[in-house]
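For reference, the chains in residue letters:
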Amino acid sequence: LKNEIKAMGITDVNDLKPVGSEGVCSVTNCDSIYLWKGDIVTIKADCIVNAANKKMLGCRLPLHYCIDNAIHTFAGVQLRNECYEIMKKQGYDEPTGKAKITKGYNLPSKFIIHTVGPIIYSSVKEEDMALLKSSYYESLKLAEENKLESIVFCSISTGVFNFPKELAAKIAIATVDNFLSSSKYVKKVIFNLYREEDLKIYENIIKVGINE
Ligand code: AR6
């Protein structure tokens with residue numbers, strides 16, 4: 001089965017090596033943090049995190065290569081149905097910085113955590129930083145409540161929502177590292193970097209620390 005999964009181009013998080021095994025590491029939880037470059041719909045984990053919008057029904061813009069579109073496309077229409085059932089109870093307006101969990105359906109991962117990050121229109125305000133931190137924290141909390149061991153994060157808000165990449169990466173790494181110091185179930189946090197530029201930013205912060 002392992003070979004079949006590999007042949008399908010799927011990466012199992014259990015085959016990844018933590019940042020602590022790859023040279024200088026500034027974070028406390030070196031053995032629980034991973035960097036992985038690839039497409040989130042091809043990773044097999046307990047859960048992946050989707051960068052959603054406030055309606056939380058997927059992105060309906062055609063030819064729009066956001067992660068929300070990729071996840072809904074590959075998970076299948078059952079995902080849209082589950083999101084619809086969740087959202088109709090609360091009026092199609094998910095607060096920024098909160099998170100919801102659904103099944104993963106046709107994806108290799110078991111669950112999807114959907115969070116809405118802040119939108120940056122001009123400069124970043126304190127409130128935006130707090131909301132981005134909250135998106136990470138609420139997603140981790142949901143994973144912990146559901147006793148999930150591995151969670152894969154995309155770089156929330158740094159695409160269409162325009163949050164500066166380096167600052168977002170520092171917030172992401174600090175929030176995850178802090179959470180891992182007291183989590184009981186969450187033991188593997190994978191930062192999924194889609195572009196080389198994003199991978200470089202994360203590698204550098206892991207090496208030199210968030211205060212540099
Ligand atoms: N796998 C991994 N990462 C990806 C993938 C993928 N398949 N596709 C994109 N990324 P974005 P946001 C990275 O724009 O900024 C949607 O329309 C991408 O390179 O998807 O939070 C929603 O409905 C970037 O690093 O999310 C919302 O309206 C990161 O994922 C809005 O976009 C996030 O980019 C949310 O904007």
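In this report, we go over the structure that sits alongside the text. Quantities reported herein were computed from a predicted structural model and do not represent experimental measurements.

Rules of the game
Residues numbered from 1 in each chain as written. Predicted model: local features only at pLDDT ≥ 70, side-chain atom pairs only at ≥ 80, totals over all residues. Heavy atoms only, no water. Core = buried A, V, L, I, M, F, W, Y, C linked by side-chain atoms within 4.5 Å. Buried < 20%, exposed > 50% of the residue type's maximum accessible area, 1.4 Å probe, protein only. Helix = DSSP H or I, 4+ residues; strand = E, 2+ residues; numbered from the N terminus. Contact = heavy atoms within 4.5 Å. Disulfide = S-S within 2.5 Å. Near = heavy atom within 4 Å. Polar contact = N/O pair within 3.5 Å; in protein donor to acceptor, adjacent residues only side chain to side chain. Areas by Shrake-Rupley, 256 points an atom, 1.4 Å probe, with all protein chains shown as cover. 1 Å grid on protein atoms, 1.4 Å probe; cavity = no way out; pocket = protein on both sides within 12 Å on 5 of 7 lines; lining within 4 Å. Sits in = over half its atoms within 2 Å of the grid points. Nonpolar A, V, L, I, M, F, W, Y, C, P; charged D, E, K, R; others polar. Salt bridge = Lys/Arg side-chain N within 4 Å of Asp/Glu carboxyl O. Pairing = 2+ DSSP bridges. Axes fitted to C-alpha atoms, helices over the stretch in contact; angles between N-to-C directions.

Moving on to the nonpolar core. Residues I43, Y136, I151, F153, V176, F191 and Y202 are the most contacted members of the largest nonpolar core, which totals 56 residues. Looking at which element gives the most residues to this core, the answer is helix α5 (residues 165-180), with 8 residues. Beyond its immediate stretch of four places on either side in the chain, F191 contacts I33, Y34, L35, W36, Y136, F153, A172, I173, V176 and Y202. By size, the runner-up hydrophobic cluster in this structure holds 5 residues, among which are A52, M87, V116 and F161.

Another aspect to go through is the state of the cysteines. Cysteine pairs can be covalently joined through their sulfur atoms, and such a bond is termed a disulfide. Applying the stated criterion to the full structure yields 1 disulfide. Across a sulfur-sulfur distance of 2.4 Å, C25 and C30 are joined as a disulfide pair. Handedness here is read from the sign of the S-S torsion; for C25 and C30, about -110 degrees, the answer is left-handed. For C30, a relative accessible area of 16% translates into the label buried. As a non-bridged cysteine, C66 has C59 as the owner of its nearest cysteine sulfur, 3.7 Å distant. Left unpaired, C83 is separated from the closest cysteine sulfur, that of C59, by 13 Å.

A few words now on the site of the ligand. In the vicinity of the ligand there are 22 residues, among which N53, D68, S157, G159 and V160 approach most closely. In the environment of the ligand, a nitrogen atom lies 2.9 Å from a nitrogen or oxygen atom belonging to the side chain of D39. At 3.3 Å, a side-chain N or O of T158 approaches an oxygen atom of the ligand. In the complex, 94% of the free accessible area of the ligand, which totals 710 Å², lies under the protein chains. Here the ligand occupies the largest pocket. For the shell around the ligand, the element with the highest residue contribution is helix α2 (residues 67-75), accounting for 3 residues. Residue composition of the shell around the ligand, grouped by class: 11 nonpolar, 8 polar and 3 charged.

Tallied over the entire structure, the rule returns 9 salt bridges. Of the charged contacts, one joins D12 and K44 as a salt bridge, the two residues approaching to 4.0 Å between their closest N and O atoms. With D12 in strand β1 (residues 11-12) and K44 in strand β3 (residues 43-44), this residue pair connects regions lying 32 residues apart in the sequence. D12 gets classed as buried once you look at its relative accessible area, which sits at 12%. Taking the relative accessible area as the measure of exposure, K44 reaches 32% and is therefore partly exposed. For E196, the salt bridge is made with K200, and the minimal N-O distance between the two is 2.9 Å. Of this pair, E196 and K200 both sit in helix α6 (residues 196-208), 4 residues apart, which is roughly one turn of the helix.

A few words on the sheet that holds strand β8 (residues 188-193). In space, the 6 strands of this open sheet follow the order β2-β8-β7-β4-β6-β5, with mixed pairing throughout. The outermost strands of the open sheet, each flanked by one partner alone, are β2 (33-37) and β5 (99-103). Pairs of neighbouring strands in the sheet enclose a mean axial angle of 25 degrees, with direction left out of account. Summarising the sheet, strand β7 (residues 150-153) and β8 pair through 4 bridges and their orientation is parallel. If you follow S150 over to β8, its bridge partner there is K188. Its contacts with the sheet place helix α4 (residues 126-145) against β4 (47-51), β5, β6 (111-115), β7 and β8, and it is angled at close to 155 degrees to β7. Contacting β2 and β8, α6 crosses the sheet at an angle of about 160 degrees to β2.

It is worth stressing that arrangement in space is one thing and function is another; only the former is reported here.
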